[in-house]
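Survey of secondary and tertiary structure
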Amino acid sequence: MKKIPVLLSLLTMATLGLAGCSNSQASPSTSSSAKNQDQLSEDEGVIKTARDLNENGNYKSSNKALNGIKLTDLNKKGFSSLKTEYFQIQKSNDAFLLKQGKQQNQAAQSNGTTNLNTNNSFDNYSKFVGDYSFYNYDSNRQQSDLVIDSDGTVVQENNDGTSFHGVATISPSSQSGVLSYDVTSNTNDTKSINANVKIVVAWSNGENETYYGYTSYAGGAVLTDGKPYKGDLVNEVWVQ
């Protein structure tokens, strides 16, 4: 009978020892949850900055702040309200920027510098309407963001605080062998694509620019001018 308490004591010590081990190391799910919480807090700070800039009328800077958030973050668990506010702010910024672009287009039209009439060519190509970011972003280059409205109005925001404005016309295209980036790889790897559409932008300075549009493997719209840059890069690629 005297052996029973000793055995129970040993079992108790072993149980406590195992409990101590399990508490000393965080499980993978706990670690992942902590990382998500840290990322959520960081992105909430970005959203607050973007919201403040929007409310103060700094729409370009607000969009630039939003670029600090990875869209893949917004699809994570617990990010739904943040995702909603992200797109609300972006939509508000774009609405004001496009309004400014339309006013500038009208002024340029009145001066007779170029033909900047809006059009309905995007009615059957709504996929290519919206907000684009410059792929392979480089702060030393001018390009930052591009917005295309359903009536063809285009605004390009630049890193130096300036913007270009004009009107785009879209048409079907089956152009093959067009140079672009593999935008789903997050690298500078180039590839040849088959275009779905051709977009010609008439800028207010009188210049015309052609982009070829297609759908990436991830399902988003991509625009490329198909021109090489510094040998092994692409001049302009924009992704939604």
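Analysis parameters
- Each chain has its residues counted from 1, following the order in which its sequence is written.
- Confidence filtering applies because this is a predicted model: local features only for residues at pLDDT of at least 70, side-chain atom pairs given and counted only at 80 or more, and all residues used for totals across whole chains, interfaces and linings.
- Excluding hydrogens and water, the side-chain figures rest on all heavy atoms present in the structure.
- Each helix corresponds to a stretch of at least 4 residues labelled H or I by DSSP, and each strand to a stretch of at least 2 residues labelled E; elements are numbered beginning at the N terminus.
- A simple rule labels every residue: compare its accessible area, found with a 1.4 Å probe on the protein chains alone, to the largest value its type can have, and call it buried under 20%, exposed over 50%, or partly exposed in between.
- Contact criterion: two residues are considered in contact whenever any of their non-hydrogen atoms come within 4.5 Å of each other.
- Counted as salt bridges are all cases of a side-chain nitrogen of Lys or Arg within 4 Å of a carboxyl oxygen of Asp or Glu.
- One requirement defines pairing of two strands: DSSP has to find at least two bridges between them.
- Interaxial angle, 0 to 180 degrees, is taken between N-to-C directions of lines fitted to C-alpha atoms, where a helix line uses only the stretch in contact.
- Each crossing is labelled by how the near helix is turned from the far one, with a counterclockwise turn of less than a right angle marking it left-handed and a clockwise turn marking it right-handed.
- Amino acid classes used here: Ala, Val, Leu, Ile, Met, Phe, Trp, Tyr, Cys and Pro are nonpolar; Asp, Glu, Lys and Arg are charged; the rest, including Gly, are polar.
- Aromatic rings from Phe, Tyr and Trp, with only the six-membered ring used for Trp, were paired whenever their centres fell within 6.5 Å, and each pair was classed as stacked if the ring planes differed by under 30 degrees, edge-to-face if by over 60, and tilted otherwise.
- Counted as over-ring charges are cases with an Arg CZ or a Lys NZ within 6 Å of the ring centre that also lie within 35 degrees of the ring normal.

If you check an unreviewed UniProt entry, the protein appears there as Lipoprotein from Secundilactobacillus hailunensis.

Before going further, it helps to examine the overall build of the protein. Counting secondary structure elements, the protein contains 4 helices and 12 strands. When the 240 residues of the protein are sorted by exposure, 37% land in the buried category. By sequence separation, contacts in the protein at least 24 residues apart represent 55% of the contacts at least 6 residues apart.

Before going further, it helps to examine the pattern of salt bridges. Tallying each qualifying case throughout the model produces 5 salt bridges. Here Lys-102 ties to Asp-149 by a salt bridge, and the two come within 2.8 Å at their closest N and O atoms. Here Lys-102 is found in helix H4 (residues 80-110), whereas its partner Asp-149 is found in the loop between strand E2 (143-148) and strand E3 (153-158), with 47 residues between them in sequence.

It is worth spelling out the pairing of strand E1 (residues 130-134) at this point. Within E1, 4 of the 5 residues are buried, which leaves the element mostly enclosed by the surrounding structure. Pairing analysis gives 2 bridges linking E1 to strand E12 (residues 237-239), with the strands arranged antiparallel. Bridge pairing in E12 places Phe-134 opposite Trp-238.

This part is about the sheet that holds strand E7 (residues 197-203). Taken in spatial order, the 8 strands of this closed barrel run E1-E2-E3-E4-E7-E8-E9-E12, and their pairing is antiparallel. In this sheet, adjacent strand axes meet at a mean angle of 30° when their direction is disregarded. Across the sheet, H4 lies against E1, E2, E3 and strand E4 (163-172), angled at about 110° from E3, the strand it touches most.

Bringing the packing of helix H3 (residues 59-66) against H4 into the picture now. For the pair H3 and H4, interaxial distance at closest approach is 9 Å and the crossing angle is 145°. The handedness of the crossing between H3 and H4 comes out as left-handed. On the side of H3, the interface is formed by Tyr-59, Lys-60, Ser-62, Asn-63 and Leu-66, while H4 contributes Tyr-86, Ile-89, Gln-90, Asn-93, Asp-94, Phe-96, Leu-97 and Gln-100. For the contact of H3 with H4, the residue count by class is 6 nonpolar, 5 polar and 2 charged.

Moving on: the environment of Asn-105. Along the polypeptide, Asn-105 turns up in helix H4. Taking the relative accessible area as the measure of exposure, Asn-105 reaches 3% and is therefore buried. Here the alpha-carbon distance between Asn-105 and Asn-117, two residues 12 residues apart in the chain, equals 8.3 Å. Look past the residues within four positions of Asn-105 in its chain and what remains in contact with it is Leu-116, Thr-153, His-165, Gly-166 and Val-167.

Now for the pairing of strand E9 (residues 221-224). Of the two faces of E9, the one holding Ala-221 and Leu-223 and the one holding Val-222 and Thr-224 are both buried throughout. Pairing of strand E8 (residues 208-215) with E9, which is carried by 4 bridges, proceeds in the antiparallel orientation. In the sheet register, Tyr-214 faces E9, and the bridge partner there is Val-222. Hairpin remark: E8 followed by E9, antiparallel, with 5 residues in the connecting loop; positive phi at Gly-219, about 100°. As defined by bridge partners, E9 adjoins E12 across 3 bridges and the pair is classed as antiparallel.

Further remarks concern unusual backbone geometry. Non-glycine residue Asn-186 carries a positive phi angle of around 55°. Classification of Asn-186 by relative accessible area gives exposed; the value is 69%.

Let us look at the environment of Glu-55. Positionally, Glu-55 belongs in helix H2 (residues 28-55). Measuring from C-alpha to C-alpha, the distance between Glu-55 and Ser-92 comes to 9.8 Å, with 37 residues separating the pair along the chain.

Our focus in this paragraph is the packing of aromatic side chains. Evaluation of the coordinates by the stated rule reveals 5 aromatic pairs. A centroid spacing of 5.3 Å and a plane angle of 45° characterise the contact between Tyr-135 and Tyr-181, whose relative ring orientation is tilted. Of the two residues, Tyr-135 sits in the loop between E1 and E2 while Tyr-181 sits in strand E5 (residues 178-181), which places them 46 residues apart along the sequence. Here Phe-164 and Trp-203 contribute two aromatic rings whose centre-to-centre distance is 6.2 Å and whose plane-to-plane angle is 70°, an arrangement assigned as edge-to-face. Of this pair, Phe-164 sits in strand E4 while Trp-203 sits in strand E7, and the two are 39 residues apart along the sequence. The ring centre of Tyr-229 lies 3.9 Å from the NZ or CZ of Arg-141, which sits over that ring.

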